[in-house]
Every structure is written in structure tokens, then in C-alpha cells.
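# Architecture at a glance
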Amino acid sequence: MAAEIHSRPQSSRPVLLSKIEGHQDAVTAALLIPKEDGVITASEDRTIRVWLKRDSGQYWPSIYHTMASPCSAMAYHHDSRRIFVGQDNGAVMEFHVSEDFNKMNFIKTYPAHQNRVSAIIFSLATEWVISTGHDKYDFDTQYAFVGDYSGQITLLKLEQNTCSVITTLKGHEGSVACLWWDPIQRLLFSGASDNSIIMWDIGGRKGRTLLLQGHHDKVQSLCYLQLTRQLVSCSSDGGIAVWNMDVSREEAPQWLESDSCQKCEQPFFWNIKQMWDTKTLGLRQHHCRKCGQAVCGKCSSKRSSYPVMGFEFQVRVCDSCYDSIKDEDRTSLATFHEGKHNISHMSMDIARGLMVTCGTDRIVKIWDMTPVVGCSLATGFSPH
């Protein structure tokens, strides 16, 4: 029998360590407990549960608390062992977990919103509980990034009693589903329902943005690994992508507008004057993803991937750009994996190289990501 040759080692994919089942409805959030073999989950079945790994290797609920309304978001601060749970009714509830994770005490209810809470962040330094739509918060500068359903991201400056709008970022064509802020490089990553990810270079102050397209469904969660310069993203169809951000990438060009093809000069269908003068039918306008020029279908009949610009699958390019792309230019700068379940939320314990995913299929999965993102991210860690 002939040997099967693989382009990369067979182990270079996420390893499923455990699968947790027990919720009666969609699991909206799942968080790994740092330094513990435990997971905290929140679900639309109105329960919040703490799962601990037993000697059998299975996870069993250690704490089970029923809420008044379906749970929609959650935050956990390990040092203070405080859990904040957002609900569909707009309330945020605070709990304290015992040191052995066998008891959970109710602390306080924050009547924060009129409707579903979609994200929560807790700052121990300021004792602030921040709840809103999809957001990220910079604890050092007290700035918050808030994504909305129009695809816009608003930068807010938070004061003790007020907040002010600093600027807005526009780039997505669908609702923003997730954000990740890297305070070291001052990079903001956003994922949206247009299946794309945008990296915003906030610290560069030059308005530089990088587009990443490789998912085939809504991007639901992001996590940037500063140590290895990799971005992990998950989409609702179960796709898991790991992007190499430690390479020189190019910005995707702005699409140019023209009344005629910028290659063959044939008129587009709204250019009545040129159509009349040349006695020709108008053509449909397209755009080359590499140069941004407005072109007709005949002049952009080729398709190609171009990972350095974020296009991991084939996109429309004009014929001249297609000829300029070399085979090595098509080398992928990301790896793609299948989670084999719906993913609506993902979080990582970066120090241990672990990832937890959950979704509408009511299943929680714990993954070893070290084969994908490199060796142990923390000295001496062994997941097995």
C-alpha cells in the first residue's frame, strides 16, 4: 500500500479533549476556569453551571443555579471569583463562587438594560461592570469599543459618570458580532456577519486596516495570541481558523468607481451617453480585489486566492492582476479546522493553550490548541 503524504503533520489540528452535554437550550457563554479543570457555562435554559472534571475524566456540574430569565452573556474574574451574568430581561446579576467551586452566593442585581444583554466586562481596578452590545474595553486608557448591527464600531471614552464618542470605524457590511483588543500592539480585531475579519491598527494612527476573509459563515468569536502573533477565529458553521499575523500583509484597496471598464473602456449599463455614442450595450460593473479597479466581466474572468491581502479563498481579479500573482503568492497564511458543531461563543485559556466552544446545539467542547498555535504557551504545560 502506498504511503499517504500530508502537507503538514496529522496532529497539527485542534485536539478535542472533552465534550460537555447537559443544557436544555443554547449555550450562550462558556469560560475556562484558570488553573483549574473547570468550566463555567451560561445558557438560554436559564441556568448557570460550574462544571468540574472528575477522576473519571468527565465533567460534572458542581454548581447549578436557575435564573429568572435566559442567560445571554457572562464574565468571570478569577482572582475575586466573581461571576457576572447578563440576561434577556436586561438585568446583570453578580455572584461569588467559593474557593472549592462547590457553592455560589448571589451578591447583587444590576437593572442595567431594557432588553437582552449581549456582552459584559468587569474591571477590578475601577470596580466597574460594563454591559452593552458587542464591545471591548481597554482598562489602561478606559476606552470602550462598541460594535453595532450596522457594521459600525464606536470608540467611547469612559469617565466616572459620563462617556463621550471619540470616533467611529466603518468597514463591515454586516453586523459586528465580536471584538478583540490587543493593548500591547494596540490592534483591534472585529468579526461580523459578512463572514469577514478586519484588523484596525489603532496604535499606528495611520488608519491602516487589514481584511481577513476565510470563513464561510458569521464570525462569532476572536482571540489574539500576542506571544505567537496568531489570531484564532470561530464562525457559526463550526469553522475554526488560525491566522498568521506575524507576516507582512497588504491592505485591500478601496474600490474605484467608473462609468466604464478601466481595462477595455466599454461602458457600464448606466452610462447612457457612451452607450449611445458607441452603439454598444452597457456592461455590469465588477471590481478586482487586488487592484480595486472597476472592470467588466470579460476583463475579470479569472479567480485567485491572495492570502497576503487576506483572501484565503478564490476571489475575482482582473486578468492583468491574475497574471502578476505567482504560485508562492497563493500560499495560505492561515489554517482552517472543523469544530463539527455550531459555535456562537469561544474563549481561550492562552497560558494553557486550551479553547472552549459552545453554541445552539447545547454542546460545550474543550480543545487542546497547542498543536495548532505552536508548542506550549506556558512553560511546563502538558494538556494530557
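What counts, and where the lines are drawn
- Within any chain, residue numbers begin from 1 and follow the written order of that chain's sequence.
- The predicted nature of this model means local features are confined to residues of pLDDT at least 70 and side-chain atom pairs, given and counted, to a pLDDT of 80 or more, with totals for whole chains, interfaces and linings taken over all residues.
- Here the side-chain values reflect all heavy atoms present in the structure, with hydrogen atoms and water set aside.
- What makes a salt bridge here is a side-chain nitrogen of Lys or Arg within 4 Å of a carboxyl oxygen of Asp or Glu, nothing more.
- When the centres of two rings from Phe, Tyr and Trp lie within 6.5 Å, Trp using its six-membered ring, the rings pair. Their planes under 30 degrees apart give stacked, over 60 give edge-to-face, and anything left gives tilted.
- Secondary structure elements are defined from DSSP: runs of H or I of at least 4 residues count as helices, runs of E of at least 2 residues count as strands, and each element is numbered from the N terminus.
- Burial classes follow relative accessibility: with a 1.4 Å probe on protein chains only, a residue under 20% of its type's maximum area counts as buried, one over 50% as exposed, and anything between as partly exposed.
- Ring-over charges, as used throughout, are those where CZ of Arg or NZ of Lys falls within 6 Å of the ring centre and within 35 degrees of the ring normal.
- The pairing criterion is simple: DSSP has to find at least two bridges between the two strands.
- To form a nonpolar core, buried Ala, Val, Leu, Ile, Met, Phe, Trp, Tyr and Cys residues must be joined to one another through side-chain atoms within 4.5 Å.
- Contacts were defined at the residue level, with two residues in contact if any of their heavy atoms lie within 4.5 Å.
- Each axis is a line fitted through C-alpha atoms, taken for helices only over the stretch in contact, and angles between the N-to-C directions span 0 to 180 degrees.
- Per residue, pLDDT captures the predictor's confidence, and it can take any value from 0 to 100.

## Structural notes on the pattern of salt bridges
- Using the criterion set out here, one finds eight salt bridges in the structure.
- What you see here is one network of salt bridges that share partners, running through Glu44, Asp88 and Arg116.

## Quick word on the packing of aromatic side chains
- Evaluated as defined, the whole model comprises seven aromatic pairs.
- Residues tryptophan 243 and phenylalanine 336 carry aromatic rings whose centres are separated by 5.7 Å and whose planes lie at 85 degrees to one another, so their mutual orientation is edge-to-face. Here tryptophan 243, found in strand β22 (residues 239–244), pairs with phenylalanine 336, found in strand β27 (residues 334–338); they are 93 residues apart in sequence, far enough to count as distant.
- The exposure class assigned to phenylalanine 336 is partly exposed, which follows from its relative accessible area of 39%.
- Pairing phenylalanine 268 with tryptophan 270 gives two aromatic rings, centres 5.3 Å apart and planes at 35 degrees, and the pair type is tilted.
- Put simply, the rings of Phe268, Phe269 and Trp270 pair up and form one aromatic cluster.
- It is lysine 279 that lies over the ring of tryptophan 276; its NZ or CZ is 5.1 Å from the centre.
- Cation over ring: arginine 330 sits above tyrosine 322, and NZ or CZ is 5.2 Å from the ring centre.

## Quick look at the pairing of strand β17 (residues 187–192)
- With six of its six residues buried, β17 lies for the most part within the structure.
- Because side chains alternate across β17, one face comprises the buried residues Leu187, Phe189 and Gly191, and the other comprises Leu188, Ser190 and Ala192, equally buried.
- Here strand β16 (residues 176–182) runs beside β17; their pairing, made up of six bridges, is antiparallel. When the bridges of β17 are listed, valine 176 appears paired with alanine 192.
- Hairpin connection of β16 to β17: four residues between the antiparallel strands, including arginine 186 at a positive phi of 55 degrees.
- With five bridges connecting them, β17 and strand β18 (residues 196–201) associate as antiparallel partners. Paired with leucine 187 across the two strands is aspartate 201, which belongs to β18.

## Thoughts on the nonpolar core
- Counting residues in each nonpolar core, the largest one holds 20 residues, and the members touching the most others are Ile40, Ile48, Met74, Ile83 and Val85.
- At the level of elements, β2 (27–32), β3 (38–43), β4 (47–53), β6 (71–77), β7 (82–87) and β8 (92–97) are the ones that each hand at least two residues to this core.
- If sequence neighbours within four positions are ignored, isoleucine 48 has contacts with Ile40, Thr41, Ala42, Ile63, Tyr64, His65, Met67, Met74, Ile83, Val85 and Met104.
- If you look at the next biggest cluster of nonpolar residues, it comprises 17 residues, including Ile153, Leu188, Leu211 and Val308.

## Focus: the sheet that holds β27
- Overall, antiparallel pairing links the four strands, which are arranged β20-β21-β22-β27 in an open sheet. At either margin of the open sheet sits one strand with a lone partner, and together these are β20 (219–225) and β27. Across the sheet, the mean angle from the axis of one strand to that of its neighbour is 15 degrees, orientation sign disregarded.

## Quick look at the confidence of the model for the protein chain
- Across the protein chain, pLDDT averages 88, with 92% of residues at or above 70.
- Here residues 1–11 is a poorly scored stretch, pLDDT under 50, and it has two contacts once near neighbours within four places are set aside; other chains count.
- A low-confidence stretch, residues 375–384 (pLDDT under 50), is modelled with 19 contacts involving residues beyond four sequence positions or located in other chains.

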